[in-house]
Amino acid sequence: MTAVTKTVLTGGCQCGAIRFALSAPPKKVSICHCRMCQKASGAPFASFADIDHADFVWTRGQPAAFHSSSIALRDFCAVCGTPLSFRRVDGASIEIMTGTFDRPDRLVPTRQYGTESRLGWVVGIANLPSQTTLQNYGPDKVSGIVSHQHPDHD
Ligand SMILES: [Zn+2]
Ligand SMILES: [Zn+2]
């Protein structure tokens, strides 16, 4: 493992047992709709930032890994279960799931893959009735919620 000298982006799992840092921006950010990514993320699609191993380091803890196919592994936090990555066996890069970054707004996808499994409703979500969390829960309920997730910084 090499030390990251200049950190440009950080992130981690929801419990904070696993944290990571990047020393360069991702090479590519993409969405994958394939059936394997749906199962691995527990979500309708997954979103990945592709990073050279040389520009990436786990800064706290080590994730567990599931060999999801003959060509790939998927890292996750063994404590809280947060899905963290997709990486090819012996590949030069790791793809980190963008929802785990402290600033997910900085990871903007430019491609989508696995569209043979893309769920038909995905393209229409911008048109669904929308509420903020505050509008949905109301101020009293929101102010009473205590988060057990790690904050969005080291
Ligand atoms: Zn965790
Ligand atoms: Zn996929």
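This text goes with the structure placed above it.
So, how was this worked out
Residues numbered from 1 in each chain as written. Chains lettered and ligands numbered in written order. Predicted model: local features only at pLDDT ≥ 70, side-chain atom pairs only at ≥ 80, totals over all residues. Heavy atoms only, no water. Helix = DSSP H or I, 4+ residues; strand = E, 2+ residues; numbered from the N terminus. Rg over C-alpha atoms; globule rule 2.2 N^0.38 Å. Buried < 20%, exposed > 50% of the residue type's maximum accessible area, 1.4 Å probe, protein only. Contact = heavy atoms within 4.5 Å. Areas by Shrake-Rupley, 256 points an atom, 1.4 Å probe, with all protein chains shown as cover. Lys, Arg positive; Asp, Glu negative; His and termini not counted. Charge placed at Lys NZ, Arg CZ, Asp CG, Glu CD. Polar contact = N/O pair within 3.5 Å; in protein donor to acceptor, adjacent residues only side chain to side chain. Pairing = 2+ DSSP bridges. Axes fitted to C-alpha atoms, helices over the stretch in contact; angles between N-to-C directions. Donors = N, O, S within 2.8 Å, 3.2 Å for Na, K, Ca; no water. Patch = residues over 30% accessible without salt bridge, like charges linked within 9 Å, V, L, I, M, F, W, Y side chains within 5 Å. Salt bridge = Lys/Arg side-chain N within 4 Å of Asp/Glu carboxyl O.

## Topic: the overall build of the protein
Here is step 1: The secondary structure content of the protein amounts to three helices and ten strands.
Here is step 2: In the protein, the order of α-helices and β-strands from amino to carboxyl end is β-β-β-α-β-β-β-β-β-β-β-α-α.
Here is step 3: Against the 2.2 N^0.38 benchmark of 15 Å for 154 residues, the protein shows a C-alpha radius of gyration of 17 Å, consistent with a compact globule.
Here is step 4: Oriented by its inertia axes, the alpha-carbon framework of the protein measures out at about 45 × 40 × 25 Å.
Here is step 5: In the protein, which comprises 154 residues, the proportion classed as buried is 38%.
Here is step 6: At a minimum sequence separation of 6, the contacts of the protein that also span at least 24 residues come to 59%.
Here is step 7: Accessible surface, the protein as shown: approximately 9,300 Å² in total, 55% of it carbon and sulfur.
Here is step 8: For the protein, the separation between the mean place of its 15 positive charges and that of its 12 negative charges on side chains is 4 Å.

## Side note on the side chain of Thr100
Here is step 1: Of note, Thr100 is situated in the loop between strand S9 (93–97) and strand S10 (111–113).
Here is step 2: At 2.7 Å, the side chain of Thr100 forms a polar contact with the backbone oxygen of Met97.
Here is step 3: Discounting residues that sit within four places of it in the chain, Thr100 has contacts with Gly11, Gly12, Phe20, Thr82, Pro83 and Leu84.

## Things to note about the sheet that holds strand S1 (residues 9–12)
Here is step 1: Sheet architecture is open: three strands sit in the order S1-S2-S5, paired in antiparallel fashion. The sheet is open, and its two edges are formed by S1 and strand S5 (56–60), each paired on a single side. Strand after strand, the sheet turns through a mean of 25° between neighbouring axes, direction not considered.
Here is step 2: Where S1 meets strand S2 (residues 19–22), four bridges bridge the pair, whose relative direction is antiparallel. By the bridge assignment for S2, Gly12 is matched with Arg19.

## Side note on the coordination of the zinc ion (ligand 2)
Here is step 1: Donor atoms from the polypeptide that coordinate the zinc ion (ligand 2) comprise Cys32 (SG), Cys34 (SG) and Cys37 (SG), at 2.2 to 2.4 Å from the metal.
Here is step 2: Judged by relative accessible area, Cys32 falls into the buried class, the value being 12%.

## What to know about a nonpolar patch on the surface
Here is step 1: On the surface, a cluster of nonpolar side chains totalling about 380 Å² of accessible area is made up of Leu119, Trp121, Ile125 and Leu128.
Here is step 2: Residue placement: Leu128 occurs in the loop between S10 and helix H2 (133–137).

## Some points on the pairing of strand S8 (residues 85–88)
Here is step 1: Pairing analysis gives two bridges linking strand S7 (residues 72–76) to S8, with the strands arranged antiparallel. Note on S8: the bridge partner recorded for Leu73 is Arg87.

## Looking at the sheet that holds strand S3 (residues 28–32)
Here is step 1: Reading across from one edge, S6-S7-S8-S9-S4-S3-S10 is the order of the seven strands in this open sheet, with mixed pairing throughout. At either end of the open sheet lies a strand with only one pairing partner, and these are strand S6 (64–69) and S10. Within this sheet the neighbouring strands show an average axis-to-axis angle of 30°, counted without direction.
Here is step 2: Pairing of S8 with S9 involves two bridges; the strand directions are antiparallel. Bridge pairing in S9 links Ser85 to Ile96.

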